[in-house]
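# A structural walkthrough
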Amino acid sequence: MTSSFGERVRRVLDAHGPLCVGIDPHASLLDAWGLAQDAGGVREFGLRTVAAAAGRAGIVKPQVSFFERFGSAGFEALEDVLAAARAAGLLVIADAKRGDIGTTMDAYAAAWLTPGSPLEADALTVNPFLGVGALDGTFALAHEHGKGVFVLAATSNPEALTLQRSESSTGRTVSADIVSVVSARNAERTRTGEWGSIGFVVGATVDWSDAGLAAFTPPAPILAPGFGAQGATPADLHRRFGSMSAAVVASESRSILAAGPEGVAAAIDARVAEYREAHRG
């Protein structure tokens, strides 16, 4: 039987620690790396980042938008980066934040989570705000192929607060409702003692109490943007996530990528050591 995504993440975090290296070829970073503002530039940027991360971190997260802006050639570059990362033994999260209903969402899921697909990744970020039920086909496909899904639950951008902190008919915040409903989906598919494969996106700067969040079962990976350039540090891991900190995938991009092509490997090594020290503390 194919190992579940949740258990694969668990093993990777045990082996390498929580760092997830974002592959975000911002225009300014392409300039800083001496690369062209085109599909060839983002391809080279992505491949160099993969090479630096392999053997150091366990997870990478390409931000799809920075490749998509170059059209079909950008997607071809992304396909190369995804394939190289998976061939290097890295877990790959495609940060595409797809969300729709019915067969449209099912087609997005097929593009990113089907083995052998040109855009195959190990997991996909998705948007639940058209209803968690609209993602059921995505959850089923992910389970079938041992893939993962990260559902937006509580992001730290101020534009999201009005929606995510509002109360639903259950009396919980919308964020808490998403976690509750998705956790029930996980429980249906997860064996006792294992981690669920449907994870959550919860910003590292989110106040869990303010968001109405609490520890959930079964455990599932938490993709946490906000470390590094957005202000959270490895020392914040336990303070922010408490009993759930062991499940956190700490995403950093600019704080590492700003070291440039010659310094990115050393930056990854240094950050991995910081997370290790924070974990011991």
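Our subject in this report is the structure included herewith. (Residues numbered from 1 in each chain as written. Predicted model: local features only at pLDDT ≥ 70, side-chain atom pairs only at ≥ 80, totals over all residues. Heavy atoms only, no water.)

### Topic: the packing of helix α6 (residues 102-113) against helix α7 (residues 136-145)
It is the contact of α6 with α7, at a shortest axis distance of 9 Å, that shows an interaxial angle of 25 degrees. Classified by the interaxial angle, the pair formed by α6 and α7 is roughly parallel. In the crossing of α6 with α7, the sense of the turn from one axis to the other is right-handed. Every residue of α7 that contacts α6 at Met105, Asp106, Ala109, Ala110 and Leu113 is listed here: Gly137, Thr138, Leu141, Ala142 and His145. Split into classes, the residues belonging to the contact of α6 with α7 amount to six nonpolar, three polar and one charged. (Axes fitted to C-alpha atoms, helices over the stretch in contact; angles between N-to-C directions. Helix = DSSP H or I, 4+ residues; strand = E, 2+ residues; numbered from the N terminus. Parallel < 35°, antiparallel > 145°, perpendicular 65-115°, else oblique. Left-handed = near helix turned anticlockwise from the far one by under 90°. Contact = heavy atoms within 4.5 Å. Nonpolar A, V, L, I, M, F, W, Y, C, P; charged D, E, K, R; others polar.)

### Re the pattern of salt bridges
This model, assessed by the stated rule, comprises 18 salt bridges. A salt bridge links Glu68 to Arg98, with the shortest nitrogen-to-oxygen separation between them at 3.7 Å. Here Glu68 is found in helix α4 (residues 65-68), whereas its partner Arg98 is found in strand β3 (residues 91-98), with 30 residues between them in sequence. Given the relative accessible area of 37%, Glu68 is considered partly exposed. Two residues, Arg172 and Asp177, come together in a salt bridge whose shortest N-O distance is 2.6 Å. (Salt bridge = Lys/Arg side-chain N within 4 Å of Asp/Glu carboxyl O. Buried < 20%, exposed > 50% of the residue type's maximum accessible area, 1.4 Å probe, protein only.)

### Here's the deal with the pairing of strand β6 (residues 198-202)
Burial of β6 is extensive: five of the five residues sit out of reach of the surface. The alternating pattern of β6 places Ile198, Phe200 and Val202 and Gly199 and Val201 on opposite faces, both of which are buried. As defined by bridge partners, β6 adjoins strand β7 (residues 222-224) across two bridges and the pair is classed as parallel. Its bridge partner lying in β7, Phe200 is registered against Ile222. (Pairing = 2+ DSSP bridges.)

### Thoughts on α6
Here α6 is twelve residues long and its end C-alpha atoms lie 16 Å apart, about the 16 Å a rise of 1.5 Å per residue gives. Along α6, the residues classified as buried are Met105, Ala109, Trp112 and Leu113. Down the axis, α6 shows its buried residues gathered within 80 degrees of arc, on one side only. (Expected span 1.5 Å × (residues − 1). Arc of directions from axis to C-beta.)

### Some remarks on the environment of Asp122
In this fold, Asp122 is placed in the loop between α6 and β4 (123-126). Owing to a relative accessible area of 4%, Asp122 belongs among the buried residues under this scheme. Spatially, the C-alpha atoms of Asp122 and Thr205 are 26 Å apart, while their sequence positions differ by 83 residues. Once residues within four sequence positions are removed from consideration, Asp122 is found in contact with Phe5, Arg8, Arg86, Leu90, Leu91, Val92, Lys147 and Gly148. At a separation of 3.2 Å, a polar atom in the side chain of Asp122 contacts the side chain of Arg8. Reaching out from Asp122, the side chain makes a polar contact with the backbone nitrogen of Val92 at a distance of 2.8 Å. (Polar contact = N/O pair within 3.5 Å; in protein donor to acceptor, adjacent residues only side chain to side chain.)

### So, helix α1 (residues 5-16)
Helix length check: α1, at twelve residues, gives a terminal C-alpha distance of 16 Å against a target of 16 Å (1.5 Å per residue), a fit within 8%. Within the span of α1, buried status applies to Phe5, Gly6, Glu7, Arg8, Val9, Val12 and Leu13. At its buried positions, α1 is contacted by β2 (59-62), β3, β4, β5 (148-154) and β8 (248-252). One or two positions beyond α1, positive phi appears at Gly17, with a value near 90 degrees.

### Observations concerning unusual backbone geometry
Note that the residue after Thr217, namely Pro218, is joined by a cis bond; omega there is -10 degrees. Mapping Pro218 onto the fold places it in the loop between α10 (208-211) and β7.

### A look at the sheet that holds β8
Read around the barrel, eight strands follow the order β1-β2-β3-β4-β5-β6-β7-β8 and close on themselves; strand pairing throughout is parallel. Adjacent strand axes in the sheet meet at a mean angle of 30 degrees when their direction is disregarded. Against the sheet, α7 makes contact with β5 and β6, and its axis sits at roughly 140 degrees relative to β5, the strand it touches most.

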